[in-house]
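One-letter residues, chain by chain:
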Amino acid sequence: MDDDQDEFEDACEDLSEGELEDSHLYHPSGQDLESALLDARKSINYFFNNQFDEARLTLKAYQDTSLYHSLGSSVFCFLEAMLTFRAKHIKAASAALKTCVNVCDQHRRKNSMVETIGKMVKRPNYNSYTTMEIHAELCYAEALLLKSILTFVEDETLVTFLKAGLKIRSCFNSYKECAEILKNRDWTDDPHKVHFESGVRMGIGAFNLMISLLPARIIKLLEFIGFGGNKAFGLNELEQGFMLKSGLRQILCVMMLLAYNLLVVYVLSHTDGDLELCEKILKEQLEQYPKGVWFLFFKGRLEFMKGNLAEADKWYIRSWQSQGKWPHFHHLCFWELMFVHALRLDWRTSNKYAESLVADSRWSRTIYQYQQAAILLMVEDLTPDEKSKIEELMRTAPEFKQRLAGKSLPMEKFVIRKTERYFAQKKFLILPGVELVYMWNLFKTLKSKWSLAENIYKLVENTLQEFDETNKYSSNFDADNRALLLLLKGALLHVMGTPLQAQQCLQQVIALEKQIQDDTHIVPYALVELAVIAKNQGENEQAVQLIESARKNYTGYSLESRLHFRMHSLMLDIGAQKKNNGAEDALENGDENGCYDTHL
């Protein structure tokens, strides 16, 4: 592991001329657009076949002068920075992206003062743009987006945030300009159109999709300064980009669709992703890249979201073992495997992966330490050494808290409060491993696996019975602990298809509100669970009332922003359902143009 670690850390350092000359990959093919696109395609194929050094070397020669060589090299550095969160990698990525932005800017269209003013009243003649100029605009937008994301990680000052915001706005405007070029340019006999179009659809699609996910109050602010987001339009653009099989950015559309449908949807909403589309995409990609670490990982995630835990376990292990050049990617697999085994109530195997994250990953040691301690607390036959380990993990976890984009990580604040509760309750917590599974929104993976859900339900029910009948869990936080158990029970009953019983449990949670001392997040989470049940039963007005109650009457609780994402997603679904119903009613009444007011 140490040798691999060293190789990984040096991946963005400069290569000597001798290394380049000796490499069979070094072919000084020139910096023209055609050669750059060929090298970019070659690098992509190397990258998704786990040949990371070869991918990097393919682009190295012209990374300071050529659009696509520079963009590709900076993307590799950016990925390293995001996987490691180490200062040296963040610095290297920032320098690479700065170079890339400058290279792109040199090739972009330079408008005169008259042309700039003219653009305000008349569409430019995009046929007068050279092929290099339009590709430079697209690469500029892509590089600026990555640079703005990295800016949030680099520094915490207000000035830095303003700079990042301006970069994102500039990036958004560049993508809009590229969309105008795609729409209005004469593309007759242009063999490079497919590469440009795939990039435009990826960028416009990603912007619309990501902005649409944000809570309503943030969207209103973004719309005020010129941003907009439409989820359906964004997904359609990405799917159109996916269909452009020979497009250079087609693979980026693939990655966005997989990440959204298999990761983002399950964390930030109550709905499921488009698993059929993911099946189709992964079948194609695994035929092309059978050992590709990314697609093996997403295949594992697909099986996980379908509730096929044994299959998920197999694919995650294949992904982890498919390469050793980027060991930090293993940690993504370890994270998933930790929860796969937690859902199977195999706490010792889950702990094995939790322990690896604590030992090797640098992303958030505070979260990793608490998670290992929480998982160990689920083990029945703890050894004295394991009990000491739990205490050490709980005691030291807060020491590693960090800040991202100037703010503490919400999940870190949540787990730090849990470590404090552990000691305040004389070294115990109520089902902390199951609570983590719930907080990461993983109960819904059990919808089609009743036996797995039932096993966890029995654990919660037995613990609730012990809570009522013994003094085992007695503390000053009895109401908090009872509310947590009832929330878990209600959520599981909902997953198991018994909504009336689920509603009874969740109503009991709300009845405990005035007695809860610390876990103030439980009541708004229970309200949103009730809203989801109401929406599923077709009671949209009641669902809206419950969401509004959670949104207006509760604030300052743990993981509040995460719940707001889910509330926003639920409101969007209700609005879309109203729109569809309104359209159907209008058609029945003979009005083909009828529509329903979806403003909630």
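Note: the structure precedes this text.
Residues numbered from 1 in each chain as written. Predicted model: local features only at pLDDT ≥ 70, side-chain atom pairs only at ≥ 80, totals over all residues. Heavy atoms only, no water.

Asker: Mind showing me how you'd approach the overall build of the protein here?
Answerer: Looking only at helices and strands, one finds 28 helices and two strands in the protein. Across the 600 residues in the protein, those meeting the buried criterion constitute 55%. Within the protein, residue pairs in contact and separated by at least 24 positions form 69% of the contacts whose partners lie at least 6 positions apart. When the accessible surface of the protein is split by element, carbon and sulfur atoms take 51% of a total near 27,400 Å². (Helix = DSSP H or I, 4+ residues; strand = E, 2+ residues; numbered from the N terminus. Buried < 20%, exposed > 50% of the residue type's maximum accessible area, 1.4 Å probe, protein only. Contact = heavy atoms within 4.5 Å. Areas by Shrake-Rupley, 256 points an atom, 1.4 Å probe, with all protein chains shown as cover.)

Asker: When you look at the nonpolar core in this model, what are you seeing that I'm missing?
Answerer: Across soluble globular proteins, you tend to see nonpolar side chains buried next to one another. One finds Phe-295 and Phe-304 to be the most contacted residues of the largest nonpolar core, which totals 174 residues. Sort the elements by how many residues they give to this core and helix α26 (residues 522-536) lands first, with eleven residues. For Phe-295, the contacting residues outside a window of four places in its chain are Phe-48, Ile-251, Val-254, Met-255, Leu-258, Leu-282, Gln-285, Leu-286 and Tyr-289. Listed in part, the nine residues of the second largest apolar core include Phe-78, Ile-90, Ala-96 and Leu-97. (Core = buried A, V, L, I, M, F, W, Y, C linked by side-chain atoms within 4.5 Å.)

Asker: Help me understand the side chain of Thr-419 in this model?
Answerer: Tracing the chain through its elements places Thr-419 in helix α21 (residues 410-424). At 2.6 Å, the side chain of Thr-419 forms a polar contact with the backbone oxygen of Ile-416. For Thr-419, the contacting residues outside a window of four places in its chain are Tyr-370, Met-394, Ala-397 and Pro-398. (Polar contact = N/O pair within 3.5 Å; in protein donor to acceptor, adjacent residues only side chain to side chain.)

Asker: How do you make sense of the packing of aromatic side chains when you look at a structure like this?
Answerer: Each aromatic ring pair is specified by the distance between its two centres and by the angle formed by the two planes. Inspection of every chain in the model, using the stated rule, returns 29 aromatic pairs. When the ring of Phe-297 is compared with that of Tyr-316, the centres are 5.6 Å apart and the planes differ by 50 degrees; the resulting orientation is tilted. With Phe-297 in helix α15 (residues 293-305) and Tyr-316 in helix α16 (residues 309-321), the pair connects residues that are 19 residues apart, well separated along the chain. Taking relative accessible area as the criterion, Tyr-316 reaches 0% and is therefore assigned buried. If you follow Arg-108 out to its NZ or CZ, it ends over the ring of Tyr-140, 3.7 Å from the centre. The ring of Phe-477 carries Arg-421 above its face, with NZ or CZ at 4.6 Å from the centroid. (Phe/Tyr/Trp six-rings, centres within 6.5 Å; stacked < 30°, edge-to-face > 60°. Lys NZ or Arg CZ within 6 Å of the ring centre and 35° of its normal.)

Asker: Looking at this structure, I do not really get the pattern of salt bridges. What am I missing?
Answerer: Between side chains of opposite charge, pairing is possible as soon as their charged atoms come close. Summed over the entire model, instances satisfying the criterion amount to 29 salt bridges. Where Lys-306 meets Glu-279, a salt bridge forms, and the shortest distance between an N and an O atom there is 2.6 Å. One end of the pair, Lys-306, is in the loop between α15 and α16; the other, Glu-279, is in helix α14 (residues 275-288), with 27 residues separating them in the sequence. With relative accessibility at 26%, the residue Lys-306 sits in the partly exposed group. For Glu-279, a relative accessible area of 30% puts it in the partly exposed group. Residue Glu-548 is joined to Arg-551 by a salt bridge in which the shortest nitrogen-to-oxygen separation is 2.4 Å. Within this pair, Glu-548 and its partner Arg-551 are both found in helix α27 (residues 540-553), separated by three residues, close to a single helical turn. (Salt bridge = Lys/Arg side-chain N within 4 Å of Asp/Glu carboxyl O.)

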